[in-house]
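Residue-level structural notes
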Amino acid sequence: MKITFANPVQPLRGAVVVGVLDGRVLTDGARALDKRMGGALSRAIKASRFKGSKDHTLTVLAPAGTKLDRVLAVGLGKPADIDAKRMQALGGLIYAALATKGHASAQVVVDAVAKSSLSAADMAAEMAFGARLRSYRFAKYRTKESAHDKPTLKSLRLTVAGSAKAKKAYAGKDKVADGIFMTRDLVSEPANILYPETLAKQAQTLSKLGVNVQVLGEAQMKKLGMGSLLGVGQGSVRESRLVVMQWNGLGKSVKGKAAQPIAFVGKGVTFDTGGISIKPSAGMEDMKWDMGGSGVVIGLMKALAGRKAKANVVGVVGLVENMPSGNAQRPGDIVTSMSGQTIEVLNTDAEGRLVLADALWYTKERFKPQFMVDLATLTGAIIICLGNEKAGLFSNDDKLSNQLTAAGDAVGEDLWRMPLGDAYDKMLKSDAADMKNISGGRGAGSITAAQFLQRFVDKTPWAHLDIAGVTWTDKDHPTVPKGGTAFGVRLLDRLVADNYEKK
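What counts, and at which threshold
- Sequence positions are assigned chain by chain, starting from 1 and proceeding in written order.
- For a predicted model such as this one, the threshold for reporting local features is a pLDDT of at least 70, and the threshold for listing and counting side-chain atom pairs is 80 or more; totals across whole chains, interfaces and linings nevertheless cover every residue.
- The basis for every side-chain value is the complete set of non-hydrogen atoms in the structure, without hydrogens or water.
- When DSSP finds two or more bridges between a pair of strands, those strands are recorded as paired.
- Numbering of helices and strands starts at the N terminus; helices are DSSP runs of H or I of at least 4 residues and strands are runs of E of at least 2.
- Angles run from 0 to 180 degrees between N-to-C directions of axes, and those axes are lines fitted to C-alpha atoms, restricted for helices to the stretch in contact.
- Paired rings are identified among Phe, Tyr and Trp, the last through its six-membered ring, by centres lying within 6.5 Å, and are further divided according to the angle between planes into stacked (under 30 degrees), edge-to-face (over 60) and tilted (the rest).
- Buried, partly exposed and exposed residues are distinguished by accessible area as a fraction of the type maximum, computed with a 1.4 Å probe on protein chains only: under 20%, between the cut-offs, and over 50%, respectively.
- We call a charge positioned over a ring when the NZ of a Lys or the CZ of an Arg lies within 6 Å of the ring centre and within 35 degrees of the ring normal.
- Throughout this description, the term nonpolar core refers to a set of buried Ala, Val, Leu, Ile, Met, Phe, Trp, Tyr and Cys residues connected via side-chain atoms within 4.5 Å.

**Brief notes about the sheet that holds strand S15 (residues 391-395)**
Strand order in the open sheet formed by eight strands is S8-S9-S11-S10-S14-S18-S15-S16, and the pairing between neighbours is mixed. A single partner strand is all that each edge strand has here, and the edge strands are strand S8 (212-216) and strand S16 (415-417). Put simply, the sheet's adjacent strands are angled 20 degrees from each other on average, direction ignored. Summarising the sheet, strand S10 (residues 262-272) and strand S14 (residues 372-376) pair through four bridges and their orientation is parallel.

**Focus: the packing of aromatic side chains**
Across all of its chains, the model carries seven aromatic pairs by this definition. Here the aromatic rings of Phe264 and Phe371 are separated by 6.0 Å at their centres, their planes lie at 80 degrees, and the arrangement is edge-to-face. Placement of Phe264 in strand S10 and of Phe371 in the loop between helix H10 (352-367) and S14 is noted, with a sequence separation of 107 residues between them. Taking relative accessible area as the criterion, Phe264 reaches 0% and is therefore assigned buried. Residue class for Phe371 comes out buried when judged on its relative accessible area of 2%. Members of the aromatic cluster, joined through ring pairs, are Phe264, Phe371 and Tyr500. Over the ring of Phe181 we find Arg132, and its NZ or CZ is 4.7 Å from the ring centre.

**Let's talk about the nonpolar core**
Ranked by size, the top nonpolar core spans 93 residues in total, and within it Leu158, Met245, Phe264, Val373, Leu404 and Leu492 carry the most contacts. The leading source of residues in this core is helix H4 (residues 120-134), at 10 residues. With 38 residues, the next largest nonpolar core counts Val316, Leu356, Trp361 and Leu378 among its residues.

As structure tokens, then:
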């Protein structure tokens, strides 16, 4: 969808959106339009239940005395509650309300609101961001979709005093949206289209933005000793890959410790049958998005490069397909990881941690990063614990944990910190190897998975985000339509922007 900004101008035709504050208080733009309509807007509001509360809307069709087709009044709520997240949600609400109503374009009148923490220009930028996020659709395989279901809204113009400032504020957000859309696309693709080789090729497209992309094949990984990762993919006809993406936003002038990168590592199981420990058939189709962590890391790198983030960032994703076959890894097999530690694989469906073990160790050894954050749709247990509302956060570093939590709060991607400890670590003790890949008990599944990963980070500050419950949604949200969410792209972009970019 095309989004533009312009200085205030009276809307003459088509669809127009105006704001109303809690208590039916018209904004300046709404008041001016109401006057042109001979008071029809205020009369319609008075005759309805609409009071200007947040998330509430009122539509007036073919307003008298104008050539407009439709006026959409949107509730801004209380002035003190107007912040970035509120405006983004409102932008998403506006798009959803107008998308399929037959209009090709719409104008949103944005006015300054006293006692709000945002300027009118910032309000407009956040609303535009929310509208763009909500406009996402994955429809490339639909060949017989009815015209009634297809969105018609192609452009949105926001009129606001200081439109140049709004345009500038939106520019970086637009690049973040590009990264989010890429992640949603990747997560939505079926596994016959997206597998390790093709996902690696998608990552390679980031080279156009200045990202240095390197793809390691199985022979290279074998030389490095990545027996843990390679064991997961050995049952598939699709070769495994490790993709390394580097964005050097600080340039060559920054040397030494100041140039030390920050690192993000993603689990990329492009389809997870469970392997020999095969999953039940019901719901297995959802396992196309078991590569969600890698999708977030790739989308994040696109966002950072797109907005020219002033930071050195590394993204590493381990890409495998977990399939049962005559060559598949068996329960009871013992593999040797890149770290030299041996792992008894008791359950081949606990495969994501095996992929991340080598990816984390490789990242730590090669780049010596300031910190590492890994993302993975790792355990169903985290959904039992947190539902689909928050991602689980595990960390060996309080500073990093607090920064991640604050970034999540700022963008509406919430985290909940979970415990780690020696008692949980002892549950991974194996009689045959240095560790086993599951505890063997029913309790603390997400925690023992994180404890497993911690064995491959050494003393590097590290955080693990278990995003199994938040990578996909079965219902629409204000800025996230049904489907792939790209949860984590905004969070980690905000983490970088607030804490690790050169100002």
